[in-house]
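Fold and contact review
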Amino acid sequence: TPKTLAYIDMMDEIFTYCEDPDLIYDRYYKNMTIQEIADQRQKSGQTIRVKIKKDLQRLKNNLTNSV
């Protein structure tokens with residue numbers, strides 16, 4: 001599928017503002033579960049969940065402030 005401008009813009013925002021952009025990419029673009037990501041990284045599900053939550057909040061804050 002062709003990458004749309006919106007997709008490219010969002011990926012740019014994710015890689016700019018997120019501490020661990022690969023987590024967001026794995027979770028929401030590759031549709032991996034928290035457990036799959038945790039297993040792959042040899043971390044606990046809770047650690048992954050907290051990191052994703054922090055990155056989503058950071059992304060939200062930056063996108064909200066830039067409008």
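Up top you'll find the structure we're talking about.
The structure contained in this document is the topic of the report that follows. (Residues numbered from 1 in each chain as written. Predicted model: local features only at pLDDT ≥ 70, side-chain atom pairs only at ≥ 80, totals over all residues. Heavy atoms only, no water.)

Overview of the overall build of the protein chain
Regarding its fold elements, the protein chain presents 4 helices and 0 strands. Put simply, the protein chain runs from its N terminus to its C terminus through helices and strands in the order α-α-α-α. Dimensions of the protein chain, computed from C-alpha atoms along their principal axes, come out at roughly 35 × 30 × 15 Å. Across the 67 residues of the protein chain, 25% fall into the buried class. Carbon and sulfur atoms form 51% of the exposed surface of the protein chain, whose accessible area is close to 5,000 Å². Mean positive and mean negative side-chain charge positions of the protein chain (11 and 10 charges, respectively) differ by 6 Å. (Helix = DSSP H or I, 4+ residues; strand = E, 2+ residues; numbered from the N terminus. Buried < 20%, exposed > 50% of the residue type's maximum accessible area, 1.4 Å probe, protein only. Areas by Shrake-Rupley, 256 points an atom, 1.4 Å probe, with all protein chains shown as cover. Lys, Arg positive; Asp, Glu negative; His and termini not counted. Charge placed at Lys NZ, Arg CZ, Asp CG, Glu CD.)

Observations regarding the packing of aromatic side chains
Summed over the entire model, instances satisfying the criterion amount to 2 aromatic pairs. Here Tyr-7 and Tyr-29 contribute two aromatic rings whose centre-to-centre distance is 5.4 Å and whose plane-to-plane angle is 80°, an arrangement assigned as edge-to-face. Of this pair, Tyr-7 sits in helix 1 (residues 5-17) while Tyr-29 sits in helix 2 (residues 21-29), placing them 22 residues apart in sequence. The exposure class of Tyr-7 is partly exposed, given its relative accessible area of 22%. A residue is classified by how much of its surface remains accessible, and Tyr-29, at 32% relative accessible area, is partly exposed. (Phe/Tyr/Trp six-rings, centres within 6.5 Å; stacked < 30°, edge-to-face > 60°.)

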